Amino acid sequence: MNFENILVELKDKLATVTINRPNKLNALNRATIKDLSKAFKILDKNKLIRVIILTGSGEKAFVAGADISEFANYNEKEGRELAAKGQKNLFTLIENLSTPVIAAINGFALGGGLELAMACHFRLASNSAKMGLPEVSLGVIPGYGGTQRLPQLIGKGRAMELIMTAGMIDAEKALSYGLVNQVVPQEELLPLCLKIAGKISNNSPVAISYAIKAVNAGFKSNAKGFETEIIAFGSCFGTDDFKEGTTAFLEKRKAEFPGTR
Ligand code: COA
């Protein structure tokens, strides 16, 4: 499988998907989302593959968010479409994949990066990992399911604080919150994923796919939450705060938000 922005490695019953834009800290642009969507669909059809590991290339980042340079000039409609298409083509796709997907968080998992990790079935992290949803520091909100999956995983109060402060937590705190299942030194992260993947692949793939379905069904009542997120995400793109937040990031300066609605 050849892709421009990701690497896919197949070995025995395991596929490792590596997001490969290290110079941009593996930020998710549209092309990368497309590649990932295609790769996950192909891998899910391959009955020989029992587990997929998703990680980022380099030692610094899993994914440092959606590519800010790409959406800074979007209007409300384009913003809404960005969230709706991304959710459908990648984030919801991964969550509902029949093949188990483990996120190996090897560094920054911010914004869309943390949302991507949260769409995976569970998460393991290196001790250098840092996680957060910094969107409101840019004048926008999480749009790839973050407002829904973060409270599911760590509880409403902690999620509200992380989203409102746009702060980052380290791997140990993420572990104590239940956001990641285990934390190990960087060099032990992929070996740990392989060990767990090995255990999973001894079990019935059919039963596992039904288990994924059943677990996910328990969270379906919040379908309106995802919809509300898409509409609110789009609305952000019509605000002066969003223009200031994204411009400030690209100009590498602190944002001064006008705060007008
Ligand atoms: N979108 C686009 N480009 C990004 C990016 C993103 N989300 N995150 C990082 N990059 C780019 C930087 O612009 C920089 O590119 P350049 O070398 O061409 O200028 C490169 O990746 C390296 O990032 P840099 O900011 O120089 O690294 P750092 O070590 O100083 O800081 C972070 C690391 C993660 C703290 C910082 O990159 C950051 O805050 N990123 C944005 C996080 C974010 O807000 N994500 C949510 C988006 S909705």
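Please read all numbers here as calculations on a predicted model, not as lab measurements. Counting starts from 1 at the beginning of each chain's written sequence and moves along it residue by residue. Under the rules for a predicted model, residues below a pLDDT of 70 receive no local features and side-chain atom pairs below 80 are neither given nor counted, while totals for whole chains, interfaces and linings still include all residues. The side-chain values count all of the structure's non-hydrogen atoms but skip hydrogen atoms and water molecules.

> Which residues make up the overall build of the protein chain, and what values do they have?
Strands are runs of DSSP state E lasting at least two residues, helices are runs of H or I lasting at least four, and both sets are numbered from the N terminus onward. Assigned secondary structure in the protein chain consists of eleven helices and ten strands. When its C-alpha atoms are laid out on the principal axes, the protein chain stretches across 55 × 35 × 35 Å. Exposure categories follow from relative accessible area, calculated using a 1.4 Å probe and restricted to protein chains: below 20% of the type maximum is buried, above 50% is exposed, and the middle band is partly exposed. The buried share of the protein chain, reckoned over its 261 residues, is 52%. Computed by Shrake-Rupley with a 1.4 Å probe, the accessible areas treat only the displayed protein chains as cover when residues are assessed. Summed over all atoms, the accessible surface of the protein chain reaches about 12,700 Å², with 55% contributed by carbon and sulfur.

> Kindly report on the environment of Ser 37, identifying the contributing residues and their values.
Along the polypeptide, Ser 37 turns up in helix α1 (residues 30–45). We classify Ser 37 as buried; its relative accessible area is 7%. Residues Ser 37 and Ser 126 lie 89 residues apart in sequence; the distance between their C-alpha atoms is 25 Å. Apart from residues lying up to four places away in sequence, Ser 37 is in contact with Asn 89, Leu 90 and Leu 93. Working rule for contacts: check all heavy atoms of both residues, and any pair within 4.5 Å makes them a contact.

> Outline the pairing of strand β3 (residues 51–56), supporting the account with residue identities and numerical values.
When a strand is regular, its side chains alternate between the sheet's two faces. Counting buried positions along β3 gives six out of six residues, so the element sits mostly inside the fold. Side chains Val 51, Ile 53 and Thr 55 project from β3 onto one buried face, and the interleaved Ile 52, Leu 54 and Gly 56 project onto a second face that is buried too. Note: two strands are recorded as paired if DSSP finds a minimum of 2 bridges between them. Both strand β2 (residues 14–19) and β3 contribute to a ladder of six bridges, which runs parallel. In the strand pairing of β3, Ile 19 is matched with Gly 56. If the strands point away from the viewer and the path from the first strand over the helix to the second runs clockwise, then the crossover is right-handed. Once the chain exits β2 it traverses α1 before rejoining the sheet at β3, and the crossover so formed is right-handed. Across three bridges, β3 lies against strand β5 (residues 101–105) in parallel orientation.

> Give a detailed account of the pattern of salt bridges, specifying residues and quantitative values.
Where side chains of opposite charge bring their charged atoms close, a pairing between them can arise. A pairing counts as a salt bridge when a side-chain nitrogen of Lys or Arg comes within 4 Å of a carboxyl oxygen of Asp or Glu. Tallied over the full model, the rule gives six salt bridges. With a shortest N-O distance of 3.2 Å, Asp 67 and Arg 21 are connected by a salt bridge. With a gap of 46 residues between them, Asp 67 in the loop between β4 (61–63) and α2 (68–71) and Arg 21 in the loop between β2 and α1 connect regions that are remote in the sequence. Residues Asp 67 and Arg 21 agree in their burial class; the two are buried. Residue Lys 77 is joined to Glu 81 by a salt bridge in which the shortest nitrogen-to-oxygen separation is 3.4 Å. Linking Lys 77 with Glu 81, this pair stays in helix α3 (residues 76–95), spanning four residues, or about one helical turn.

> I'd like a rundown of a nonpolar patch on the surface, residues and numbers included.
Patch membership is restricted to residues that have no salt bridge and whose relative accessible area is over 30%. Joining uses 9 Å for like charges and 5 Å for the nonpolar side chains Val, Leu, Ile, Met, Phe, Trp and Tyr. Judged by side-chain polarity, Met 1, Leu 10 and Ile 42 come together as a nonpolar surface patch covering roughly 260 Å² of accessible area. On the basis of relative accessibility, which here comes to 37%, the residue Ile 42 falls in the partly exposed class.

> Report on the site of the ligand, specifying residues and quantitative values.
Whether a residue is near a molecule or strand depends on its heavy atoms: if one lies within 4 Å, it is near. Lining the immediate surroundings of the ligand are 18 residues, of which Lys 24, Lys 60, Ala 64, Ala 66 and Ile 68 lie closest. Here the ligand loses 69% of its free accessible area of 860 Å² to cover by the protein chains. Just so you know the grouping, Ala, Val, Leu, Ile, Met, Phe, Trp, Tyr, Cys and Pro go in nonpolar, Asp, Glu, Lys and Arg go in charged, and all remaining residues, Gly too, go in polar. Per-class residue counts for the shell around the ligand are ten nonpolar, three polar and five charged.

> Let's hear about the side chain of Asn 216: which residues, and what values?
Considering the arrangement of structural elements, one finds Asn 216 in helix α9 (residues 205–217). Those residues within four positions of Asn 216 in sequence are excluded, and the remaining contacts are Glu 95 and Asn 96.

> With reference to specific residues and values, describe helix α10 (residues 223–236).
Because an α-helix packs 3.6 residues into every turn, residues spaced three or four apart end up facing the same way. One fewer than the residue count of a helix, multiplied by 1.5 Å, yields its expected span. Between its terminal C-alpha atoms α10 stretches 21 Å, which fits the 20 Å expected from 14 residues at 1.5 Å a residue. Among the residues making up α10, those that are buried are Gly 225, Phe 226, Glu 229, Ile 230, Phe 233, Gly 234 and Cys 236. Structurally, α10 contributes buried residues whose contacts are with α3, α5 (146–154) and α11 (240–250).

> So what about the pairing of β5? Which residues, and what values?
In terms of residue burial, β5 counts as a mostly covered element, since five of its five residues are buried. Two elements, β5 and strand β7 (residues 122–126), share four bridges in a ladder whose sense is parallel. Along β7, the bridge assignment pairs Ala 103 with Arg 123.

> Go over the nonpolar core with me, naming the residues and quoting the values.
Among the nonpolar cores identified, the biggest contains 62 residues, and Leu 36, Phe 40, Leu 54, Ile 105, Leu 116 and Met 131 are the most heavily contacted of them. Considering every element that reaches this core, the biggest residue donor is α3, with six residues. Apart from residues lying up to four places away in sequence, Phe 40 is in contact with Ile 52, Leu 54, Leu 90, Leu 93, Ile 94, Leu 97 and Val 101. For the purposes of this section, nonpolar cores are sets of buried Ala, Val, Leu, Ile, Met, Phe, Trp, Tyr and Cys residues that join through side-chain atoms within 4.5 Å. Counting residues in each nonpolar core, the second largest holds 16 residues, with Leu 124, Leu 189, Cys 193 and Ile 212 among its members.

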